[in-house]
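# Fold and contact review
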Amino acid sequence: MRSAVLAVPTLEDLVSAAVAAPSIHNTQPWRFRLDPDTVTLEIRAAADRGLRRIDPTGRALHLSVGCAVLNLRVAVAHFGREPVTRLLPRPDEPDLLATVRLGGTTASSTPHLYDALWRRRSSRFPYSERPLPTAVLAELAEAAHAEGALLSRPGPTESDRLLQLTREAEHRNTADPDRAAESRRWVHEPNDAALGMPPATLGPQDFLDRIPMRDFGAHRHPAVLAARPFETRPTLMVLSTGHDRRADWLRAGQALERVLLVATAHGVRASLLYQALEWPDLRDQLGQAPGDRRVHAQMVLRLGYGPKGPPSPRRTAEQALAEEPPSAAR
């Protein structure tokens, strides 16, 4: 199968869909390359955009790339092709995290997800007290299960414990000058690099400190820390996996993005409370599933109805396809 079957506009649409995925601090830590002989898109880690202090193991980088892989799969199906996905396909190339080959023709079964991936945004703003319908919560859990992950909703007591762990992690982040400085470097007005987070996307803080929203190092500038009342009882859900290998991180990223797209399709906003996941001792305390089964927590989600978050910049398909790793030459 030759590259002639994949028109350039279609290739750019596919990569643009993948790049629309969320990533830690909007670092967009991925690179794309088309193998024209097999019509396969390679997704490689952009290690130079990794967060050395905040994400030393690269777990959040893998989750971010997993989100992009899910978007790419949805887009390939939208264009009538079967997405044939392999994770970590070449052990001798550790930066090659996934490949998605355009297989035979197929009818897309998820058109609502393709529409949602262009509309999905994180919303770090207060939500209403309106509860999520049981049917929506069940559909979100099914979305995670379809990607090999577990999405559980803790009860009130457990939710309070999760918030306390997140609060402890946020306090540690605030006290760690290196982590705070690393976060701050990614908060700036949009520029030609199309990376990082505009200040408007950060949102306010909960003035009662019930929900510990990340300040991304902004505590160095108290004037920007606006405070507003947040929902009294937030809807929290924990995404977890049975194992904790690199492939599991990539699967968790795909599960996370499928959950976020389903939520978007239902008009549900989401923000990610991942501070506790960055500290091994706190993350370990998150890993408990129903029935006392031990699992590996990968993300804490806060869901609800509220304002749509402002957009963060995204690199163009041309940028994402053209760049090469700094130390590599093909």
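This section reports on the structure supplied with the text. Computed from a prediction, not measured in an experiment: that's the story for all the values here.

### Considering the overall build of the protein
Looking only at helices and strands, the protein features 9 helices and 10 strands. In terms of overall dimensions, the protein has C-alpha extents of about 60 × 40 × 35 Å along its principal axes. The contacts in the protein between residues at least 6 apart in sequence include a share of 76% that link residues at least 24 apart. Counting every atom, the protein has about 14400 Å² of accessible surface; 54% of that belongs to carbon and sulfur.

### Let's talk about the layout of surface pockets
A volume near 800 Å³ is recorded for the largest pocket. Together, 46 residues line the largest pocket, and S23, I24, H25, L272 and Y274 are the ones closest to its centre. Breaking the lining of the largest pocket down by element, the ones donating at least two residues are helix 2 (59-78), helix 3 (111-119), helix 7 (246-265), strand 9 (269-272) and helix 8 (280-286). Looking at the lining of the largest pocket element by element, the count peaks at 5 residues for helix 2.

### A look at the pairing of strand 8 (residues 235-241)
Most of strand 8 sits inside the fold, with 7 of its 7 residues counted as buried. Alternating positions in strand 8 separate into two faces, T235, M237, L239 and T241 on one and L236, V238 and S240 on the other, with burial throughout. By the bridge criterion, 3 bridges tie strand 5 (residues 150-152) to strand 8 in an arrangement that is antiparallel. Across the sheet, the residue bridging to S152 is V238, located in strand 8.

### Re the nonpolar core
Membership of the largest hydrophobic core comes to 89 residues, with the highest contact counts inside it found for I43, L140, L239 and L301. When residues of this core are assigned to their parent elements, the largest contribution, 12 residues, is made by helix 2. If we skip the residues at most four places from it in the chain, I43 touches W30, R31, F32, V65, V69, L72, D95, L96, L97, A98, T99 and V100.

### Considering the sheet that holds strand 4 (residues 96-105)
Read from one edge to the other, the open sheet built from 4 strands follows the order 1-2-4-3, with strand pairing classed as antiparallel. With partners counted over all chains shown, the strands left at the sheet margins are strand 1 (30-35) and strand 3 (81-87), one partner each. Averaged over neighbouring strand pairs, the angle between their axes works out to 20 degrees when direction is ignored. As paired strands, strand 1 and strand 2 (residues 40-45) are joined by 6 bridges and run antiparallel to one another. Within the sheet, the bridge partner assigned to R31 lies in strand 2 and is R44.

### Here's the deal with the side chain of E231
You can see E231 is positioned in the loop between strand 7 (227-228) and strand 8. Classification of E231 as buried rests on a relative accessible area of 2%. In terms of polar contacts, E231 uses its side chain to reach the backbone amide nitrogen of Y127, at 3.0 Å. A distance of 2.7 Å separates the side chain of E231 from the side chain of R302, its partner in a polar contact. When residues no more than four places from it in sequence are discounted, the contact partners of E231 are P126, Y127, S128, E129, R210, I211 and R302.

### Describing helix 5 (residues 156-175)
The end-to-end C-alpha distance of helix 5 is 29 Å, a good match for the 28 Å that 20 residues give at a rise of 1.5 Å each. For helix 5, every residue scored as buried is listed here: S159, L162, L163, L165, T166, R167, A169, E170 and N173. Considering only its buried residues, helix 5 is in contact with helix 6 (177-185), strand 8 and helix 8.

Conventions used here
- Residues numbered from 1 in each chain as written.
- Predicted model: local features only at pLDDT ≥ 70, side-chain atom pairs only at ≥ 80, totals over all residues.
- Heavy atoms only, no water.
- Helix = DSSP H or I, 4+ residues; strand = E, 2+ residues; numbered from the N terminus.
- Contact = heavy atoms within 4.5 Å.
- Areas by Shrake-Rupley, 256 points an atom, 1.4 Å probe, with all protein chains shown as cover.
- 1 Å grid on protein atoms, 1.4 Å probe; cavity = no way out; pocket = protein on both sides within 12 Å on 5 of 7 lines; lining within 4 Å.
- Points joined across faces, edges and corners; volume = space filled by probe spheres on them.
- Buried < 20%, exposed > 50% of the residue type's maximum accessible area, 1.4 Å probe, protein only.
- Pairing = 2+ DSSP bridges.
- Core = buried A, V, L, I, M, F, W, Y, C linked by side-chain atoms within 4.5 Å.
- Axes fitted to C-alpha atoms, helices over the stretch in contact; angles between N-to-C directions.
- Polar contact = N/O pair within 3.5 Å; in protein donor to acceptor, adjacent residues only side chain to side chain.
- Expected span 1.5 Å × (residues − 1).

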